[in-house]
Amino acid sequence: GESVGLHLPTLSVQEGDNSIINCAYSNSASDYFIWYKQESGKGPQFIIDIRSNMDKRQGQRVTVLLNKTVKHLSLQIAATQPGDSAVYFCAENMGSSNTGKLIFGQGTTLQVKP
Amino acid sequence: NAGVMQNPRHLVRRRGQEARLRCSPMKGHSHVYWYRQLPEEGLKFMVYLQKENIIDESGMPKERFSAEFPKEGPSILRIQQVVRGDSAAYFCASSRQGSTTEAFFGQGTRLTVV
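These remarks concern the structure in this document. (Residues numbered from 1 in each chain as written. Chains lettered and ligands numbered in written order. Predicted model: local features only at pLDDT ≥ 70, side-chain atom pairs only at ≥ 80, totals over all residues. Heavy atoms only, no water.)

Next up on the list: the environment of Ile55 of chain B. All names here are of chain B. Note that Ile55 resides in strand 6 (residues 53–56). Along the backbone, Ile55 and Tyr33 are 22 residues apart, and their C-alpha atoms lie at a distance of 9.8 Å. Beyond its immediate sequence surroundings of up to four residues, Ile55 is in contact with Tyr48, Leu49 and Gln50. (Helix = DSSP H or I, 4+ residues; strand = E, 2+ residues; numbered from the N terminus. Contact = heavy atoms within 4.5 Å.)

Below, the structure is given as structure tokens:
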């Protein structure tokens with residue numbers, strides 16, 4: 001079965017609020033994690049990544065947090081905008097094999113209310 | 001610099017026909033990955049190829065599915081004798097090196113089997 005899963009299938013937030021999307025993984029050997037954004041009818045778009053030797057990484061308006069103790073990953077989006085509405089996937093790469101194989105979660109739909 | 005190009009974007013096939021999906025990686029990228037996405041689900045890894053080599057095909061169904069990445073030309077995912085269960089979006093990603101740290105996805109091919 002899937003080793004990466006998301007806690008909530010749909011998240012609805014008000015424009016301007018912060019969004020937090022969560023992800024659980026089960027493979028302790030995974031050493032690299034990625035968040036993707038997928039808009040309707042399009043391919044996944046890279047948002048931010050983090051390696052297992054880090055617990056936090058920041059980008060533009062986005063922050064990824066990694067808690068290896070409880071195998072939990074989260075994506076925080078600051079000042080959520082209507083353009084952020086999409087499905088968000090976390091993915092893990094079991095780096096020891098480094099074959100390029102990504103394990104994706106089921107996805108969380110983010111709905112931004114104006 | 002064009003991104004990952006997939007064609008066709010939409011493909012309709014009758015049961016029993018063959019489907020051929022093409023993927024041209026980004027310029028300078030020699031590593032290609034194919035993923036399948038069923039409606040309302042995450043992406044599932046199928047196969048990882050380098051030029052003229054299949055590196056990891058652990059996600060490919062044992063029958064009817066094949067993939068190649070010739071020295072010249074695009075990568076091809078071939079599905080023989082399609083069945084309704086093959087209906088899905090098929091995404092290709094490419095990277096410069098043998099990892100997904102810099103992998104970029106195409107817009108996908110949506111296969112419908114009628």
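Attention now goes to the interface of chain B and chain A. Contacts between the two partners involve 23 residues from chain B, matched on the other side by 21 residues from chain A. At the junction of chain B with chain A, the criterion picks out zero salt bridges. Remark: the boundary between chain B and chain A carries four residue pairs in polar contact (both at pLDDT 80 or more). Only strand 4 (31–37) and strand 5 (43–50) of chain B provide two or more residues apiece to the side of chain B that touches chain A. With four residues, the single largest contributor to the side of chain B that touches chain A is strand 5 of chain B. (Salt bridge = Lys/Arg side-chain N within 4 Å of Asp/Glu carboxyl O. Polar contact = N/O pair within 3.5 Å; in protein donor to acceptor, adjacent residues only side chain to side chain.)

When you line up the elements, Gly85 of chain B lands in the loop between strand 8 (75–79) and strand 9 (88–95). The sequence separation of Gly85 of chain B and Arg15 of chain B amounts to 70 residues, and the corresponding C-alpha distance is 9.9 Å.

We now examine the packing of aromatic side chains. Taken as a whole and assessed by the stated rule, the structure comprises ten aromatic pairs over all chains. Ring centres of Tyr25 of chain A and Phe33 of chain A lie 4.6 Å apart, and the angle between their planes is 50 degrees; on these two criteria the pair is classed as tilted. We classify Phe33 of chain A as buried; its relative accessible area is 2%. For the ring pair Tyr36 of chain A and Phe104 of chain A, a centre distance of 5.6 Å and an interplane angle of 35 degrees mean the geometry is tilted. Here Tyr36 of chain A is found in strand 4 (residues 32–38), whereas its partner Phe104 of chain A is found in strand 10 (residues 102–104), with 68 residues between them in sequence. Phe104 of chain A matches Tyr36 of chain A in its accessibility class, with the two residues each being buried. What links up through ring pairs into an aromatic cluster is the set Tyr36, Phe46, Phe89 and Phe104 of chain A together with Tyr35, Phe45 and Phe105 of chain B. (Phe/Tyr/Trp six-rings, centres within 6.5 Å; stacked < 30°, edge-to-face > 60°. Buried < 20%, exposed > 50% of the residue type's maximum accessible area, 1.4 Å probe, protein only.)

So, on to the side chain of Lys37 of chain A. Residues and elements named next belong to chain A. Assignment of secondary structure puts Lys37 in strand 4. Within the local environment of Lys37, its side chain forms a polar contact with the backbone oxygen of Gly83, the two atoms lying 2.8 Å apart. Setting aside residues up to four positions removed in sequence, Lys37 forms contacts with Gly43, Pro44, Gln45, Ile47, Gly83, Asp84, Ala86, Val87 and Tyr88.

All names here are of chain A. Mapped onto the fold, Ser28 is located in the loop between strand 3 (19–25) and strand 4. Exposure remark for Ser28: the relative accessible area of 61% places this residue in the exposed category. Between the C-alpha atom of Ser28 and that of Leu102, which follows or precedes it by 74 residues, the distance is 15 Å.

Residues and elements named next belong to chain B. Along strand 7 (residues 65–68), the buried face is formed by Phe65 and Ala67; none of Ser66 and Glu68, which line the opposite face, is buried. Relative to strand 8, strand 7 runs antiparallel, the two being bridged by four bridges. Note on strand 8: the bridge partner recorded for Glu68 is Ile76. The turn joining strand 7 and strand 8, which pair antiparallel and follow one another in sequence, is formed by six residues; a positive phi near 100 degrees is taken by Gly73. (Pairing = 2+ DSSP bridges.)

On their own, these measurements won't tell you what the molecule is for.
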